[in-house]
Amino acid sequence: MFQRPQLARNLVRRLATTNSALQRTTTQPQVATRWQSCLTTQPEITTLTTNVGINKRNFSQAPSDDANERIKKLVSASPVVVFMKGNPDVPQCGFSKAVVQILRMHGVQFDAYNVLDDEGLRSGIKVFSDWPTIPQVYINSSFVGGCDIILQMHQNGDLVDELKTVGIRSALLDK
């Protein structure tokens, strides 16, 4: 069977490799000159930049057993589950909005959980799925992917097939 999460991880790795190659082509003296001019003309930036990273989230920590069990229950509560920023009526990010729009185009009823309301859920779901971004879509208790994967599946018709596996007929087939 085709492993969508693995495909998504490979895409992310390729993008990261491309991004790092682009960064290597930037000449260091130009960067240093720009940085020094910012520091000399605006000293308050120094304070802001030295504090970068203090509030970094650590995704490598395993969620507690209680959080893991809670996420398992949430994922298995419905055939289609979305962990998103905001709620389906008022998404708080464009990627969450795109996932909601795609699922609504297919006429899918789904459970949605707002990760912005619960920091434990927000960090726990990333570790649970080994996927660093939100939104995350689960179909039949299996992690399918984020916005990019759902969009790709929608465009090439794989989402219709995936929905069939849980007994959901896409509304797009009726048009």
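Cut-offs applied
- Sequence positions are assigned chain by chain, starting from 1 and proceeding in written order.
- Reporting of local features is limited, given that this is a predicted model, to residues whose pLDDT is at least 70; pairs of side-chain atoms are given and counted only at 80 or more, and all residues count toward the totals for whole chains, interfaces and linings.
- Note: side-chain values were computed over all heavy atoms of the structure, leaving out hydrogens and water.
- Inter-axis angles, ranging from 0 to 180 degrees, are taken between N-to-C directions of lines fitted to C-alpha atoms, where helices are fitted over the stretch in contact.
- Each helix corresponds to a stretch of at least 4 residues labelled H or I by DSSP, and each strand to a stretch of at least 2 residues labelled E; elements are numbered beginning at the N terminus.
- If an angle is under 35 degrees, it is roughly parallel; if it is over 145, roughly antiparallel; if it lies from 65 to 115, roughly perpendicular; otherwise it is oblique.
- Crossing chirality is assigned from the near helix's rotation relative to the far helix, an anticlockwise turn below a right angle marking it left-handed and a clockwise turn marking it right-handed.
- Any pair of residues with heavy atoms lying within 4.5 Å of one another is described as a contacting pair.
- The set of buried Ala, Val, Leu, Ile, Met, Phe, Trp, Tyr and Cys residues whose side-chain atoms join them within 4.5 Å is what this entry labels a nonpolar core.
- Only protein chains enter the accessibility calculation, which uses a 1.4 Å probe; a residue whose area is less than 20% of its type maximum is buried, one above 50% is exposed, and one in between is partly exposed.
- Here the expected length of a helix is defined as 1.5 Å per residue gap, with one fewer gap than residues.
- The reported arc concerns the directions from the helix axis to the C-beta atoms and nothing else.
- Each residue gets a pLDDT score, which is the predictor's confidence in that residue and runs from 0 to 100.
- When the centres of two rings from Phe, Tyr and Trp lie within 6.5 Å, Trp using its six-membered ring, the rings pair. Their planes under 30 degrees apart give stacked, over 60 give edge-to-face, and anything left gives tilted.
- A 1.4 Å probe that fits but cannot get out identifies a cavity on a 1 Å grid over protein atoms alone, an open set with protein on both sides within 12 Å along at least five of seven lines counts as a pocket, and a residue lines either if it has an atom within 4 Å of a point.
- Grid points are joined across faces, edges and corners, and a volume is the space filled by probe spheres set on the points.
- Three categories are distinguished: nonpolar for Ala, Val, Leu, Ile, Met, Phe, Trp, Tyr, Cys and Pro, charged for Asp, Glu, Lys and Arg, and polar for the others, with Gly belonging to the last.
- Strand pairing is assigned whenever DSSP identifies at least 2 bridges connecting the two strands.

## Examining the packing of helix 5 (residues 94-105) against helix 7 (residues 147-156)
Between two packed helices, what matters for the description is the angle formed by their axes and the separation of those axes.
At step 1: Running from N to C, helix 5 and helix 7 point in directions that differ by 30°, and their axes come no closer than 9 Å. By the angle between their axes, helix 5 is roughly parallel relative to helix 7. The way helix 5 lies across helix 7 gives a crossing that is left-handed. Here helix 5 contributes Phe 95, Ala 98, Val 99, Ile 102 and Met 105 to the contact with helix 7, which in turn contributes Cys 147, Ile 150, Leu 151 and His 154.

## Points about the nonpolar core
Soluble globular proteins: nonpolar side chains tend toward being buried together.
At step 1: Grouped together as the largest cluster of nonpolar side chains are 20 residues, with contacts concentrated most on Val 80 and Ile 139.
At step 2: Grouped together as the second largest cluster of nonpolar side chains are 13 residues, Val 81, Tyr 113, Val 115 and Tyr 138 included.

## So, helix 4 (residues 65-76)
At step 1: Here helix 4 contains twelve residues, and its C-alpha end-to-end distance of 16 Å stays within 8% of the 16 Å for a straight helix at 1.5 Å per residue.
At step 2: Looking at helix 4, one finds that the buried residues are Ile 71, Leu 74 and Val 75. End-on view of helix 4: buried residues confined to an arc of 95°, all on one side of the axis. Opposite its buried face, helix 4 presents the exposed residues Asp 65, Asp 66 and Lys 73, each directed more than 90 degrees away.
At step 3: The inward-facing, buried residues of helix 4 contact strand 1 (80-84), strand 4 (111-114), helix 6 (119-129) and strand 5 (136-139).

## Digging into the confidence of the model for the protein chain
Predicted coordinates in areas of low pLDDT are best not read in detail.
At step 1: Model confidence for the protein chain is summarised by a mean pLDDT of 75, while 63% of its residues fall at 70 or above.
At step 2: The low-confidence segment residues 18-60 (pLDDT under 50) makes eight contacts with residues lying over four places distant or belonging to another chain.

## Re the packing of aromatic side chains
At step 1: Per the stated rule, a full pass over the model turns up five aromatic pairs.
At step 2: Taking 5.7 Å as the distance between ring centres and 85° as the angle between the ring planes, the aromatic pair formed by Phe 83 and Tyr 138 counts as edge-to-face. Highlighted residues: Phe 83 in strand 1 and Tyr 138 in strand 5, separated in sequence by 55 residues. Like Tyr 138, Phe 83 is buried.
At step 3: Between the aromatic rings of Tyr 138 and Phe 143, the centroid separation amounts to 5.4 Å while the plane-to-plane angle is 55°, which identifies the pairing as tilted. Per residue, the accessibility class of Tyr 138 equals that of Phe 143, and both read buried.
At step 4: Members of the aromatic cluster, connected to one another through ring pairs, are Phe 83, Tyr 113, Phe 128, Trp 131, Tyr 138 and Phe 143.

## Concerning the layout of surface pockets
At step 1: In this model, the second largest pocket occupies a volume close to 190 Å³.
At step 2: Lining the second largest pocket are ten residues; nearest its centre among them are Trp 131, Thr 133, Gly 146, Cys 147 and Asp 148.
At step 3: Per-class residue counts for the lining of the second largest pocket are seven nonpolar, two polar and one charged.

## Focus: the sheet that holds strand 6 (residues 142-145)
At step 1: Taken together, the four strands give an open sheet; going across it, the order is 4-1-5-6, and neighbouring strands pair in mixed fashion. Looking at strand neighbours, the two that pair on one side only are strand 4 and strand 6, the edges of this open sheet. Each strand of the sheet is rotated relative to its neighbour by a mean of 25°, with strand direction disregarded.
At step 2: The pairing of strand 1 with strand 4 spans four bridges and is classified as parallel. Along strand 4, the bridge assignment pairs Met 84 with Asn 114.

## Topic: the side chain of His 106
At step 1: In this fold, His 106 is placed in the loop between helix 5 and strand 4.
At step 2: Each residue touching His 106, except ones within four places of it in the same chain, is listed here: His 154, Leu 159, Val 160, Leu 163, Arg 169, Ser 170, Ala 171 and Leu 172.

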